[in-house]
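In case you want the letters, here they are:
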Amino acid sequence: QLHSAVASLLLVLLFAIPPFSSNTYDLIVATLVLPLILAASTHRETRGLEASICEFSGWLSYPLYVVHYPVMFAAVGAFKYLGLVDRLPEIVIEVMTLVCAIIVAYLLGKFYDQPARAWLAARIHTKPSGPQLGAGNSAQPAVTAVGKNI
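Now for a quick tour of the structure. Small disclaimer: the values here were computed from a predicted structure and weren't measured.

Digging into the overall build of the protein
Right, so step 1: Counting its secondary structure elements, the protein contains four helices and two strands.
Right, so step 2: Each helix and strand of the protein, placed in order from N terminus to C terminus, yields the pattern α-α-β-α-α-β.
Right, so step 3: Here the protein, with 150 residues, has 22% of them falling under the buried criterion.
Right, so step 4: Put simply, of all contacts in the protein between residues at least 6 apart along the chain, 64% involve residues at least 24 apart.
Right, so step 5: Accessible surface computed for the protein: about 10,600 Å², of which carbon and sulfur atoms make up 70%.

Structure below.
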């Protein structure tokens, strides 16, 4: 069973590799490497801080998916407008853009998505879908690396 930190590091390294001119790399990663990482880390039990990090990452994943592209374009536009593109190293711009995307995703999840799910759940008399940040989930048993309670 692959530790969640090792799986995360593998994913970061995998996605940090610059794209190649061939689609072969993407095909191999999408059809072999990613499923192997997922299969190797799926049934690992996490507890404590590791479980909290996995839970928060799972909670943040959808809002981050939704906002990363618009935030990326807005940030690059702002850096160009302010004349920072030529004055800052590219890695600094990328890290600042990532931080902005994470902040916007957190705010979207906390103040829009989570209340909207709760509101909709109250209207159809069920519990909100998806993980709820700060909903006291820490008393639950272990959480697997993919966020499923066991």
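On we go.
Remarks on the nonpolar core
Right, so step 1: Within the largest apolar cluster, seven residues are counted, these being Trp59, Leu60, Val67, Val71, Ala101, Ala105 and Leu133.
Right, so step 2: With four residues, the top contributor of residues to this core is helix 3 (residues 48-81).
Right, so step 3: Ignoring sequence-local partners within four residues, the contact set of Trp59 consists of Tyr106, Gly109, Lys110, Gln114, Pro131, Gln132 and Leu133.

Focus: the packing of helix 3 against helix 4 (residues 90-123)
Right, so step 1: Relative orientation of the contacting elements helix 3 and helix 4 amounts to 130 degrees, with a least axis distance of 6 Å. With respect to their mutual orientation, helix 3 and helix 4 come out oblique. Handedness of the helix 3/helix 4 crossing: right-handed.
Right, so step 2: The residue inventory of the contact of helix 3 with helix 4, partitioned by class, reads 20 nonpolar, four polar and one charged.

Some words on the packing of aromatic side chains
Aromatic ring pairs are described here by two measures, namely the spacing of the ring centres and the angle between the planes.
Right, so step 1: Throughout the structure, instances matching the rule amount to five aromatic pairs.
Right, so step 2: Considering the side-chain rings of Trp59 and Tyr106, the 5.6 Å spacing of their centres and the 65 degrees angle between planes classify their relative orientation as edge-to-face. Taken together, the residues span a long stretch of sequence, with Trp59 in helix 3 and Tyr106 in helix 4 at a distance of 47 residues.
Right, so step 3: Their ring planes at 40 degrees and their centres at 6.2 Å tell us that Tyr62 and Tyr65 sit as a pair that is tilted. Of this pair, Tyr62 and Tyr65 both sit in helix 3, separated by three residues, roughly a single helical turn.
Right, so step 4: Looking at Tyr65, the relative accessible area reads 58%, which means it is exposed.
Right, so step 5: Following the ring pairs from residue to residue traces out a cluster consisting of Phe56, Trp59 and Tyr106.

Observations concerning the packing of helix 1 (residues 4-16) against helix 2 (residues 24-41)
Packed helix pairs are characterised by how far apart their axes lie and by the angle those axes make with each other.
Right, so step 1: Across the interface, helix 1 lies against helix 2 with an axial gap of 11 Å and an inter-helix angle of 170 degrees. In terms of axis orientation, helix 1 runs roughly antiparallel to helix 2. Residues Ala7, Leu10, Leu11, Leu14 and Phe15 of helix 1 form the contact with helix 2, whose own contacting residues are Tyr25, Val29, Val33, Leu34, Ile37 and Ser41.
Right, so step 2: For the contact of helix 1 with helix 2, a count of residues per class yields 10 nonpolar, one polar and no charged.

Brief notes about the pattern of salt bridges
Right, so step 1: One pass over the structure, following the stated rule, counts two salt bridges.
Right, so step 2: Here Arg117 makes a salt bridge to Asp113, at a shortest N to O gap of 3.0 Å. Of this pair, Arg117 and Asp113 both sit in helix 4, separated by four residues, roughly a single helical turn.

The rules behind each value
Per chain, residue numbering runs from 1 following the sequence as it is written. Where local features are concerned, this predicted model is filtered to residues with pLDDT of at least 70; where side-chain atom pairs are given and counted, the filter is 80 or more; whole-chain, interface and lining totals use all residues. Side-chain numbers come from the whole structure's heavy atoms, not from hydrogens or water. A run of H or I in DSSP becomes a helix once it reaches four residues, and a run of E becomes a strand once it reaches two; helices and strands are each numbered from the N terminus. Relative accessible area decides the class of each residue, using a 1.4 Å probe on protein chains only: under 20% of the type maximum gives buried, over 50% gives exposed, and in between gives partly exposed. In what follows, residue pairs with any heavy atoms lying within 4.5 Å of each other are defined as contacts. Each accessible area is a Shrake-Rupley result for a 1.4 Å probe, and residues are judged covered by the shown protein chains and nothing else. Put simply, buried Ala, Val, Leu, Ile, Met, Phe, Trp, Tyr and Cys residues joined by side-chain atoms within 4.5 Å make one nonpolar core. Lines fitted to C-alpha atoms define the axes, with helix axes restricted to the stretch in contact, and inter-axis angles between N-to-C directions lie between 0 and 180 degrees. An angle counts as roughly parallel when it lies under 35 degrees, as roughly antiparallel when it exceeds 145, as roughly perpendicular when it falls between 65 and 115, and as oblique in every other case. Crossings are classed by handedness, with left-handed meaning an anticlockwise turn of the near helix from the far one by less than a right angle and right-handed meaning a clockwise turn. In this classification, Asp, Glu, Lys and Arg are treated as charged, Ala, Val, Leu, Ile, Met, Phe, Trp, Tyr, Cys and Pro as nonpolar, and every other residue, Gly included, as polar. For Phe, Tyr and Trp, rings pair up if their centres lie within 6.5 Å, where Trp contributes its six-membered ring, and each pair is then called stacked (planes under 30 degrees apart), edge-to-face (over 60) or tilted (otherwise). One side-chain nitrogen of Lys or Arg within 4 Å of one carboxyl oxygen of Asp or Glu is enough to make a salt bridge.

Limitation: the analysis is restricted to geometry and does not speak to function.
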